[in-house]
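Per-entry structural report
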Amino acid sequence: VQLVESGGGLVQPGGSLRLSCVASGFTFSSYYMSWYRQAPGKERELVAAITSDGGITNYADSVKGRFTISRDNVKNTVYLQMNSLNPEDTAVYYCKAERPPNRRYWGQGTQVTVSS
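Let me begin by describing the structure that accompanies this report. Each chain carries its own residue numbering, running from 1 in the written order of its sequence. The predicted origin of the model limits local features to residues at a pLDDT of at least 70 and limits the giving and counting of side-chain atom pairs to 80 or more, whereas totals for whole chains, interfaces and linings rest on all residues. As a rule here, side-chain values come from all non-hydrogen atoms in the structure, and water together with hydrogens is ignored.

Here the focus is the sheet that holds strand β8 (residues 77-82). A sheet is described by the order of its strands in space; here four strands give the open sequence β1-β3-β8-β7, paired in antiparallel fashion. Two strands in the sheet have a free side with no partner beyond their single neighbour: β1 (2-6) and β7 (67-72). Between one strand axis and the next, the sheet turns through 15 degrees on average, direction left out of account. Following DSSP output, two strands are said to pair if at least two bridges run between them. By definition, any uninterrupted DSSP run of H or I lasting at least four residues is a helix, any uninterrupted run of E lasting at least two residues is a strand, and each is numbered from the N terminus. In this structure, β1 lies alongside strand β3 (residues 17-24), joined through five bridges in antiparallel fashion. For Leu3, the partnering residue across the bridge sits in β3 and is Ala23. All axes here are fitted lines through C-alpha atoms, helices being fitted over the stretch that makes contact, and every angle between N-to-C directions spans 0 to 180 degrees.

Structure below.
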């Protein structure tokens, strides 16, 4: 099982990034996918989530209207489009695959730094 994130980097405030997470080794289309982030000295927090068929999404209040989660079950990939980034969005971003009751996988993370 692998989840490989990419797309992170350094961006100026107000800029945009698109994160990708490519999955392998499990039936991606059966899993609920989500993005989390962890800033230095803070707990890991849920950013956005999407159901297995992509029909339902939910977002943390702090990113609503700025971030969009989506998935492509043919490409086994989940995306996070991040717009209007601000320094408070600086964190390591992780994707997670989950299928209740007990299947859960994490990626290794990708760093996002928002700074001028």
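Right, picking up where we left off after that structure.
Quick look at the side chain of Glu5 now. Looking at where Glu5 falls in the secondary structure, it is placed in strand β1. Burial classes: relative accessible area under 20% of the type maximum marks a residue as buried, over 50% as exposed, and values in between as partly exposed (1.4 Å probe, protein chains only). By the counting scheme adopted, Arg and Lys are positive, Glu and Asp are negative, and His together with the chain ends is not counted. Salt bridge criterion: a side-chain nitrogen from Lys or Arg within 4 Å of a carboxyl oxygen from Asp or Glu. Buried charge without a partner: Glu5 forms no salt bridge, and the closest opposite charge is Arg44, 7.5 Å away. Within the structure, Glu5 has its side chain in polar contact with the backbone nitrogen of Cys95 (distance 2.8 Å). What qualifies as a polar contact is a pair of N or O atoms within 3.5 Å, subject to a donor-acceptor requirement within protein and to the restriction that residues adjacent in sequence count only when both atoms come from side chains. From its side chain, Glu5 meets the backbone nitrogen of Gln108 in a polar contact 3.0 Å long. The criterion used for residue contact is that any of the two residues' heavy atoms lie within 4.5 Å. When sequence neighbours within four positions are dropped, the list of residues in contact with Glu5 reads Ser20, Cys21, Trp35, Tyr93, Tyr94, Cys95, Gly107, Gln108, Gly109 and Thr110.

Before going further, it helps to examine the pairing of β3. Here β3 runs beside β8; their pairing, made up of six bridges, is antiparallel. If you follow Arg18 over to β8, its bridge partner there is Gln81.

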